[in-house]
Protein chains: 6
Amino acid sequence: MGQALQQTKEIRASLFGIEQVVSELAVVRHAWRRRQQRSAEPGGRELPSRDALAKILNDLRGALFPMRLGPPELRQESEDFYVGHTLDTVLHSLLSQVRLELSYASRYHEEEGLHIDDRALTIVREFSRALPGIRSLLDSDVISAYQGDPAARTVDEVLLCYPGILAMIHHRIAHQLYQLGVPLLARIVAEIAHGQTGIDIHPGASIGAGFFIDHGTGVVIGETAVIGQRVRIYQAVTLGAKRFPSDDDGKLQKGLPRHPIVEDDVVVYAGATVLGRVTIGRGAIVGGNVWVTSDVAAGSHVSQASLRHEQQNPVSLV
Amino acid sequence: MGQALQQTKEIRASLFGIEQVVSELAVVRHAWRRRQQRSAEPGGRELPSRDALAKILNDLRGALFPMRLGPPELRQESEDFYVGHTLDTVLHSLLSQVRLELSYASRYHEEEGLHIDDRALTIVREFSRALPGIRSLLDSDVISAYQGDPAARTVDEVLLCYPGILAMIHHRIAHQLYQLGVPLLARIVAEIAHGQTGIDIHPGASIGAGFFIDHGTGVVIGETAVIGQRVRIYQAVTLGAKRFPSDDDGKLQKGLPRHPIVEDDVVVYAGATVLGRVTIGRGAIVGGNVWVTSDVAAGSHVSQASLRHEQQNPVSLV
Amino acid sequence: MGQALQQTKEIRASLFGIEQVVSELAVVRHAWRRRQQRSAEPGGRELPSRDALAKILNDLRGALFPMRLGPPELRQESEDFYVGHTLDTVLHSLLSQVRLELSYASRYHEEEGLHIDDRALTIVREFSRALPGIRSLLDSDVISAYQGDPAARTVDEVLLCYPGILAMIHHRIAHQLYQLGVPLLARIVAEIAHGQTGIDIHPGASIGAGFFIDHGTGVVIGETAVIGQRVRIYQAVTLGAKRFPSDDDGKLQKGLPRHPIVEDDVVVYAGATVLGRVTIGRGAIVGGNVWVTSDVAAGSHVSQASLRHEQQNPVSLV
Amino acid sequence: MGQALQQTKEIRASLFGIEQVVSELAVVRHAWRRRQQRSAEPGGRELPSRDALAKILNDLRGALFPMRLGPPELRQESEDFYVGHTLDTVLHSLLSQVRLELSYASRYHEEEGLHIDDRALTIVREFSRALPGIRSLLDSDVISAYQGDPAARTVDEVLLCYPGILAMIHHRIAHQLYQLGVPLLARIVAEIAHGQTGIDIHPGASIGAGFFIDHGTGVVIGETAVIGQRVRIYQAVTLGAKRFPSDDDGKLQKGLPRHPIVEDDVVVYAGATVLGRVTIGRGAIVGGNVWVTSDVAAGSHVSQASLRHEQQNPVSLV
Amino acid sequence: MGQALQQTKEIRASLFGIEQVVSELAVVRHAWRRRQQRSAEPGGRELPSRDALAKILNDLRGALFPMRLGPPELRQESEDFYVGHTLDTVLHSLLSQVRLELSYASRYHEEEGLHIDDRALTIVREFSRALPGIRSLLDSDVISAYQGDPAARTVDEVLLCYPGILAMIHHRIAHQLYQLGVPLLARIVAEIAHGQTGIDIHPGASIGAGFFIDHGTGVVIGETAVIGQRVRIYQAVTLGAKRFPSDDDGKLQKGLPRHPIVEDDVVVYAGATVLGRVTIGRGAIVGGNVWVTSDVAAGSHVSQASLRHEQQNPVSLV
Amino acid sequence: MGQALQQTKEIRASLFGIEQVVSELAVVRHAWRRRQQRSAEPGGRELPSRDALAKILNDLRGALFPMRLGPPELRQESEDFYVGHTLDTVLHSLLSQVRLELSYASRYHEEEGLHIDDRALTIVREFSRALPGIRSLLDSDVISAYQGDPAARTVDEVLLCYPGILAMIHHRIAHQLYQLGVPLLARIVAEIAHGQTGIDIHPGASIGAGFFIDHGTGVVIGETAVIGQRVRIYQAVTLGAKRFPSDDDGKLQKGLPRHPIVEDDVVVYAGATVLGRVTIGRGAIVGGNVWVTSDVAAGSHVSQASLRHEQQNPVSLV
């Protein structure tokens, strides 16, 4: 028996040497697993699936805005049936992704391994309850975009076309997941939008109502950023961290507040960079390409020109 | 009868509370529609579909460049059959999207509500007639890219690979739609390319032959920009508006010329920002990361260094 | 017979005038082909297919990381079967794409037209042998990202979510293809990642182990760049060419070293631009938005502030 | 212009002579249209689509039996949402198919051409109202199959597996459409089941509750057959017409009753053939392979043996 | 809140009255569930899926005959990888279908409800082990068809084209499942083949090596039939039950031997009907359309003519 | 290296014992190949693909009847473009299938191995030229069905719904392929229709214009049958072979005329069986279920009753 298999294997060694490559790839994989202290016991997939989440987000967009982002043949008179059926499907898919993340996480934090099914159910229930609030916030974002862009003709154009709105639909959902304790799912949701829009918002960022991102490509908003209401930002704006505090062992300290606070009604023009736990005060305007690493007073205007005057005492930048 | 349904509903209230969420989402939707003064009468989809336009663009790309972007099995001897059949399908799909936009627009401008079918047919006919001219312009763009990039090996590589070419295929089609009076379709077409390339060109922008965008991510070109022939720009260049004029009521005035005029043979290097209705004269070169808010003379070179000398009289930047 | 066809054609002239447009498009196509000196003889597709390469890359990702990027239902105990079967399919698809490029290239370099099948087979065999090494390098990239980002929770999150990792999977494969003599395939592979991540790495660039790109949107790395080990860069960093040398006829000289050398352990912060064949010495730090066109000493820190001091003697920037 | 097209056409005449075949096929098509007195004016599709109806039937099966023939992930608590949304989609698809048939039919019966949209809406509304009754009848068919087949283990197995049930789901829907005045749709629905099961029931046939067809392949039931309650038949049974009455001109007279009446509780075994407007009386049993062309008394048993005795006076068979 | 939903519902009552139909369908469904004594508690799908099994069978066909029924691009040198990966996928899919059937069955036989997962695993393991034997039997069927049909050119044509072979691939798999205790899965597998070929073999039937069914449409073979080696049958042959024994309460007795025994090397020509637990002796030939309800001696020939002579003492036929 | 692979293999031996099954299946496959004298050298697929032919037939149906079986959105004014493009695609697909069959056949008939590509091209060219004639014949079949069935309302209903027409579209194409020397492709085409309709026509059968099969399930027509014009047959009719002549070695003699000749205007009613090289004379009528093994005179009526009178001298039936 083994002999026959042997023959087969010799024959197939030929064209591309696949047998050899398979074997060498296995060696590399096993080396990685040993280094990462993964158990050798055979098992199935341990990780949530990006494709599954892309499908979930697509359906959630439809359930939140049925007549505009739902199926083209949908009619108003049966919206609720569509919304109900779609939610049912979506929440069950989400439930299994939540279970995957909780089960994956439990390998690192043993005490939490208990009752994964119960915790997953609770998370999805609370997520479900949060959806009407998310829709309200998104309506405020659409209004802000419509009012802030002279090229916008109607609110529906904004919802259909603006990448900033797509990014915010993903962010408001991702932020909810982040708060409910499934940060990996949240991150995947955020990265799907990042790939489609070039807008990179960490799901941890807290963003108030009526947020408008114009054009958007190159925007980066960090994990601990806090943004107020009716804030407007343009392409290539960074709300980032200045440096990463390390602990005594030289390890990065994770989770500390390290990104800006942006208060209500602030505008940040294209290419501006705001770094560190600074505060941009209510109603301030930050000009294009400006580099900010200290607080900005409420109501003030900061531009390259104004900064240059201050640079008698240049801030340390990196 | 109603009693039986009642039973059913009680039973299904359980797992995720979907019934409750559906009801609350309906409340939020209806509040939005009231605020937007949407009629309550039931009806079908009122908006063009992004998926439909993505399919249309994909097929148009094939019809314009059959041997390079058409189906892999296509042969030269039957190109015309393929082009003819594809155009027939595409133009009919486009016709129904045009009808959707005209009908949607007519809700806001009552007088135009008449004869939507006739107007849609006229628009698609004129669009059809414009296609050979669009192909010619795109050929000039390909030539420019091939000549302007030392890494380009062949014109075919440019057509297959360069995101700037993909963006221009979409833009030249979107601009035609914009001029024919369907700006929402035009915008969707532009945003599809924006999502794939990070290049954001408003369909209103007027762009001459032989335009080349290298790398492209982060480029923004505004609605009223006017660009001459053989212009070359690099990644992260903005041709934007300085500020939005408001009318006496503080409302944004829409449609005024507010973006730059860029004359023939200009080059704008990466990260440069040109704001407002300024003119970059024929053959001028704008250096990388430069910030321009006033006219640039024909044939001149503007760099960060040169600007700094002028900044005795700093321009107001925001 | 011809008469009946004639009738048909008259009838179908109607709705969109498709017959006329088909004819005019053919004229434009034939003009292009004449100008490009393409032979008029009928033939099939001459170019590799972006869709085919997208499928190949998708499968290669699975074969390299079966339990994390392979099919969700995969189990560890049958990984090798999956990897072997997937490689077999992928390498055969790749073989036919390689043949297409070699055959396309042979039209321009007649002497190479010989033995295309043999050369294609050799290329795919060597590519196959390189895969375990590519996986090892990618493991080092994942480790670097995990160690360099305080927001990263696990190595698996990095592999699943980070656009910089996606870009590097494509780059390490594209670079191998580039070195094996199929630069068009390499470029298509690179542009697929560029479209998904906004990170534009030319397949010619040489990049050492442990490379980490954070956020990534707007990054551009040129064809002749050379990057050492454990280098870290942020969004919107450009490692570009300063100017293109021309030969005596004014033609661009292709293939000369014209992009930076970045030595081991360098960090380049967001928005920095490094142009020309300069060297960033081992362990140097280049601050955000800094513009560099000359060598940077090993171990030094360059920031906007430090640069400004030197600008008594401003470097020529463009 | 025409010259360029001419060139193109000469070039592509080569490989398979497609141009010639296209031209000859057009000649044959036009000859057919002339013979069938079709107008030459260009137009779109005039006929319902088999694919569209297959999709409609598939969804209707799910809406009628959501937990058993609906989507696998469906849960009981959200059945009604699924049923409502599915019906909404299905009925709108059906509406457009009904319009196609009415509009097609109106070419032959001019007076009916009026108000096609109104009539289509009425038909679909009445069809919608009939669905609960159809489900009840199908439940009775399932019960009959379960009780009549010793191999049946559960009612769910019957619904999932038995081709006779699949045929009856299609028939009860097709019969409703037939009665509502869209016989072409009805016929397509019937033929979809015929293709899948080998059971050929004309949609005009009237069939009572609790009908069971075992095995089924080769069963034929004609347009004017009338079948009572709790009737059971086996594979290859024909309930057909003996001969077709012609009118004085030798033309077939259409629509006359010409197929059997089968009363309640009759059993017809495999291969039996019953021809003409005869009556099989209540509770009669017709044996396998028996050939019947005259009435059979209620409660009697007819077998090959018994028939042979009567064949002193052989019935005329054809 | 409820009020807003109320409004919504009134609005949507319009076009097709869907709300009303949904409600009435729910009533019918609940009546059915009450009658079938189904629990009212909400829950998910309880039944195996025909689509899932169709996919499983399709893949099993490929794993059994990789170079002829596997993917077209497969090459002999990597057969084993393909077979291994496919089996892994298929057996896991089968495992979940087996679980569904066992769990469904346990509702009717409480004691068996224990250890469903263990039992499912055992069943799939034994099924897996049986596959090489199944392939051997199918090879013998192919040989028989090739030798028995003068129109067959090669064994590969037989495997690719003959519906009798398709039916036997399904039957030999279904029979294995039937013996392992999952009769519902077995039945679904059999009905998939029945739908495609018109050949209806109950999975309980026991069939020896080298079985050949020519043409096949209309063949019916019952649950307790026992067929020897090298038997050949033609289209429309029935190996059925004569009558169903009832117990004292008039209920059908299930599971008793009630179908024919057909010994080695028998031939049964088209349309013949063999009913009841009779034995067709080794090497006998049963002529076309013959009706047999008693034993046939080994080596004998039975035809309509020969039967007619015996019909002085006619057998009772029904 | 081999050691690491060894480890992997031990690990994965677990759940289903797949490694063992893969090995045993390889043994069975290799035994089969040895017995069939297949070379052991590795190679790719040697056989045509049923899926590819199903796609080809689907497209051919559209090209033959564009407005009724083509894509729903097709319009008359661009029929020729659709037909031309579809034919181009279809004929190239067919070309590669023809090559596969010729190359497969050449393994058995060495002398024919030369010039496969040339022969394939010739076959497809002649097939292409035959298409207009095939369309004409099919038009005659549609007319016959319409005239022969009192339930048929229009010729379009016949084309859309009647399984007999579907079978004839496949047969007329398959017969052409059979005559051009690719009998395996022809057989696959025939079996696709057999699976969908239950009508089994061997591609070798020669059938005149205006052929009508009503209902159709169970019809079998053999390889050497010859059928005249305007013949009509019903379900379950067999035109078969009586017995297979063997040569002196007991081997079946292939290719001899062994099926009936049916002259013009004959009608054969349901279930009739005609066996052997007999002739049914012009205009004869064969009654239902009749069994015929000798010539039938032109114009005569044969029924069960009439036959019985002759059975003083019963024909030998098997």
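Basis of the calculations
Residues numbered from 1 in each chain as written. Chains lettered and ligands numbered in written order. Predicted model: local features only at pLDDT ≥ 70, side-chain atom pairs only at ≥ 80, totals over all residues. Heavy atoms only, no water. UniProt positions renumbered as here; feature names shortened; annotations may be inferred. Least-squares fit on C-alpha atoms with pLDDT ≥ 70 in both. Contact = heavy atoms within 4.5 Å. Domains from an automatic or database assignment. Buried area = accessible area lost by both parts, 1.4 Å probe. Salt bridge = Lys/Arg side-chain N within 4 Å of Asp/Glu carboxyl O. Polar contact = N/O pair within 3.5 Å; in protein donor to acceptor, adjacent residues only side chain to side chain. Helix = DSSP H or I, 4+ residues; strand = E, 2+ residues; numbered from the N terminus. Nonpolar A, V, L, I, M, F, W, Y, C, P; charged D, E, K, R; others polar.

In the nomenclature of an unreviewed UniProt entry, chain A corresponds to serine O-acetyltransferase from the organism Undibacterium pigrum. Recorded in UniProt under Catalytic activity (unreviewed entry), the annotation for chain A is "L-serine + acetyl-CoA = O-acetyl-L-serine + CoA". The Sequence similarities (unreviewed entry) field of the UniProt record for chain A holds the comment "Belongs to the transferase hexapeptide repeat family."

Draft legend 1. A look at the relation of the copies chain F and chain D. Mapping chain F onto chain D leaves a residual RMSD of 0.0 Å; the transformation is a rotation of 120 degrees accompanied by 0.0 Å of translation along its axis. Interpreted geometrically, this transformation is the action of a three-fold axis. When the interface residues of chain F are mapped onto chain D, a mere 5% of them are again interface residues, pointing to distinct binding faces.

Draft legend 2. Summary view of the domain arrangement of chain A. Taken domain by domain, chain A consists of domain 1 (45-198) and domain 2 (218-246 + 254-305). Relative placement of domain 1 of chain A and domain 2 of chain A: their C-alpha centres are 26 Å apart.

Draft legend 3. A look at the interface of chain F and chain D. Across the boundary between the two partners, chain F contributes 66 residues, which contact 56 residues of chain D. Taking both partners together, chain F and chain D bury about 5000 Å²; carbon and sulfur atoms supply 59% of that area. At the junction of chain F and chain D, the tally comes to five salt bridges. Across the pair Arg33(D) and Glu79(F) runs a salt bridge, and its minimum N-O distance is 2.4 Å. Linking chain F with chain D are nine residue pairs in polar contact (both at pLDDT 80 or more), by the criterion used here.

Draft legend 4. Broad picture of the relation of the copies chain F and chain E. Note on the identical chains: chain F maps onto chain E by a rotation of 120 degrees and an axial translation of 0.0 Å, with an RMSD of 0.0 Å. Interface residue correspondence from chain F to chain E reaches only 5%, placing this contact among heterologous pairings that use different surfaces.

Draft legend 5. Structural view of unusual backbone geometry. Phi is positive for Asn289(A), which is not a glycine, with a value near 65 degrees. Among the structural elements, Asn289(A) can be located in the loop between strand S12 (285-286) and strand S13 (291-292).

Draft legend 6. Quick look at the interface of chain F and chain E. In this assembly, 56 residues from chain F lie in contact with 66 residues from chain E. Summed over both partners, the interface of chain F with chain E comes to about 5000 Å²; 59% of that surface belongs to carbon and sulfur atoms. Inspection of the region where chain F meets chain E yields five salt bridges. Inspection of the chain F/chain E interface yields nine residue pairs in polar contact (both at pLDDT 80 or more). Of all the elements in the fold, those that place two or more residues in the side of chain F that touches chain E are helix H2 (18-35) and helix H9 (183-197) of chain F. Tallying contributions element by element places H2(F) first for the side of chain F that touches chain E, with 10 residues. Broken down by class, the residue content of the side of chain F that touches chain E amounts to 27 nonpolar, 15 polar and 14 charged.

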